[in-house]
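# Fold and contact review
Each chain, letter by letter, is given below.
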Amino acid sequence: MNETFKPEGARIATEENQSYLASPAGLERAMNLGAIIEGVVMVCDNQLRLHVDLHCAEGIVEPEEAVYCREGEPRKDIAVITRVGKPIAVRVLALESRNGILTAILSRRLAQETCMREYLSRLRPGDIIPSRVTHLEPFGAFLDIGCGISSLLSVDCISVSRIAHPRDRLKTGMELSVVVKNIDCLSGRIYVSLRELLGTWEENVAGFEAGQTVAGIIRSVESYGVFVELAPNLAGLAELREGCEEDLRTRIGQSAAVYIKSIVPERMKIKLVLIDAYCTEPQRRRPVYFVDPAKTAHLDSWRYSPASSVRVIETIFK
């Protein structure tokens, strides 16, 4: 597992990072080693310089050193401003005395370039990597996959069970293990997926059996039935009772109690009966990994559907 190029914020409280920030000698050692350190951005001034708390000194990041930009890609000021109040990964370029105060000249861009060159450029589809959610959009979640470098987790890759918005499953700051889905060779952008780590249909359905009444989440209401999520990678279909379609549409995303009528592996079907829908928001479910990232670093392929199923849902990483 990568221990050097972590998402921003992962190293700030570590003993190693604290030792670098404890004294001027520590900062000098970090500079000489080319080590990546972390501090919290306290201010972005009117010249877009970031002022970083390094405990024993103030750090300054000039705007051109705040963000790594791919060739031909302009720097976005919003990417600098939004760092205020958050940890950033930097390298120490120089140590100066300004008005008798020790000031460290820092570069986040250089830390990100090092991360890209020595870590991210060596990844291949199927590799399992750590990440942290930075923000959510209707089409997906943006993740920090190392030193603040961003990757997109599209909404359809969050789970097999359909969701309307990434916030149904994720929140900002959440740490995730994800698998590299593909890499754009021209731009160098890395796209990731989560659903391959959340278990196959058989692994998910093993926790349920016909005759049970269980809790679920209403995910969509169609003319032919109501899709209810039973687990992050598993949903069943409940019959739509006459006259309740509009009422249920207002309850999408809410909790429900359902009776499991039957489980049919050959069709990957779980037939449900909707018992009750609650006017409460369900607790956001943390991912339950069926692939242990601590023991498995790479997947060549993944098949969600049972061998007996005519319909095949799978991912081939290449």
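Quick look at the structure, then. (Residues numbered from 1 in each chain as written. Predicted model: local features only at pLDDT ≥ 70, side-chain atom pairs only at ≥ 80, totals over all residues. Heavy atoms only, no water.)

## Some details on the sheet that holds strand β11 (residues 213-222)
Around the barrel, which closes on itself, the 5 strands sit in the order β11-β12-β13-β15-β14 with mixed pairing between neighbours. Adjacent strand axes in the sheet meet at a mean angle of 50°, parallel and antiparallel pairs treated alike. As judged from the 5 bridges shared by β11 and strand β12 (residues 225-231), these two strands associate in the antiparallel manner. Across the sheet, the residue bridging to S220 is F227, located in β12. (Pairing = 2+ DSSP bridges. Helix = DSSP H or I, 4+ residues; strand = E, 2+ residues; numbered from the N terminus. Axes fitted to C-alpha atoms, helices over the stretch in contact; angles between N-to-C directions.)

## So, unusual backbone geometry
Backbone geometry places H55, a non-glycine residue, at a positive phi of 70°. Position of H55 among the secondary structure elements: in the loop between β2 (50-53) and β3 (58-61).

## Focus on the nonpolar core
In terms of nonpolar packing, the biggest core is built from 29 residues, with L120, I129, L143, L153, L170 and L176 touching the most fellow members. Only α4 (108-118), β6 (128-137), β7 (140-144), β9 (175-183) and β10 (190-193) provide two or more residues apiece to this core. Every residue in contact with I129, bar those within four places of it in the chain, is listed here: Y119, L123, I145, L176, S177, V178, V180 and V192. L230, A238, C244 and L248 belong to the second largest nonpolar core, which has 25 residues in total. (Core = buried A, V, L, I, M, F, W, Y, C linked by side-chain atoms within 4.5 Å. Buried < 20%, exposed > 50% of the residue type's maximum accessible area, 1.4 Å probe, protein only. Contact = heavy atoms within 4.5 Å.)

## Brief notes about a positive patch on the surface
Residues R267, K269, K271 and R311 make up a contiguous surface patch of positive charge. Within the fold, K269 resides in strand β15 (residues 269-277). (Patch = residues over 30% accessible without salt bridge, like charges linked within 9 Å, V, L, I, M, F, W, Y side chains within 5 Å. Areas by Shrake-Rupley, 256 points an atom, 1.4 Å probe, with all protein chains shown as cover. Salt bridge = Lys/Arg side-chain N within 4 Å of Asp/Glu carboxyl O. Lys, Arg positive; Asp, Glu negative; His and termini not counted. Charge placed at Lys NZ, Arg CZ, Asp CG, Glu CD.)

## Some thoughts on the pattern of salt bridges
Evaluated as defined, the whole model comprises 15 salt bridges. Across the pair E38 and R11 runs a salt bridge, and its minimum N-O distance is 4.0 Å. Placement of E38 in strand β1 (residues 37-44) and of R11 in the segment before α1 (15-21) is noted, with a sequence separation of 27 residues between them. With respect to class, E38 is no different from R11; both count as buried. With a closest N to O distance of 2.7 Å, E229 and R219 form a salt bridge. Separated by 10 residues along the polypeptide, E229 in strand β12 and R219 in strand β11 bring together distant segments of the chain. Considered together, E229 and R219 belong to a single accessibility category, that of buried residues. One continuous salt-bridge network, built from bridges that share partners, spans D168, R169, R219 and E229.

## Side note on helix α2 (residues 24-33)
Inspection of α2 places G26, L27 and A30 among the buried residues, and these make up the whole buried set. On an axial view of α2, the arc spanned by its buried residues comes to 100°, and they lie on one face. Looking at the buried residues of α2, the elements they touch are α1, β1 and β4 (87-98). (Arc of directions from axis to C-beta.)

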